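For reference, the chains in residue letters:
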Amino acid sequence: MDYYMIGQRIRKFRKANPFSQEALAEKVGISTTHMSHIETGNTKLSLAVLVKLALILEVRTDDILFDSPVGNNRDLMQKNQSSLEPCTPQELAI
């Protein structure tokens, strides 16, 4: 895990809301120093803090953990289905 990049994504979402580090830390229930360390990647965040951050920032935990959208199973199934539509039944059987 790249904790620096996770912290940068948290910072991006925090500023988009907009929250100060102090305000976000207070809502999450951690110190401002801990919030700063999370954003700079100097400390790891717990699962509980990750979930609270996602709820408060109104983003998915995947949005915090991953740089590119992961997508959900329904999206992947629709994408796969549309790419298979031009196939013949024989091609699909293979």
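Residues numbered from 1 in each chain as written. Predicted model: local features only at pLDDT ≥ 70, side-chain atom pairs only at ≥ 80, totals over all residues. Heavy atoms only, no water.

K.L.:
What's the story with the side chain of E39 in this structure? I'm lost.
P.N.:
Structurally, the position occupied by E39 is in helix α3 (residues 32-40). Owing to a relative accessible area of 0%, E39 belongs among the buried residues under this scheme. Polar contacts involving the side chain of E39 include one to the side chain of R11, which spans 3.0 Å. In contact with E39, not counting residues within four places along its chain, are Y4, G7, Q8, I10, R11, R14 and Q21. (Helix = DSSP H or I, 4+ residues; strand = E, 2+ residues; numbered from the N terminus. Buried < 20%, exposed > 50% of the residue type's maximum accessible area, 1.4 Å probe, protein only. Polar contact = N/O pair within 3.5 Å; in protein donor to acceptor, adjacent residues only side chain to side chain. Contact = heavy atoms within 4.5 Å.)

K.L.:
Help me understand the environment of F13 in this model?
P.N.:
Topologically, F13 is positioned in helix α1 (residues 3-16). Its relative accessible area of 15% is what places F13 among the buried residues. Along the sequence, F13 and D63 sit 50 residues apart, while their C-alpha atoms lie 9.4 Å from each other. Apart from residues no more than four positions distant in its own chain, F13 is found in contact with L57, V59, D63 and I64.

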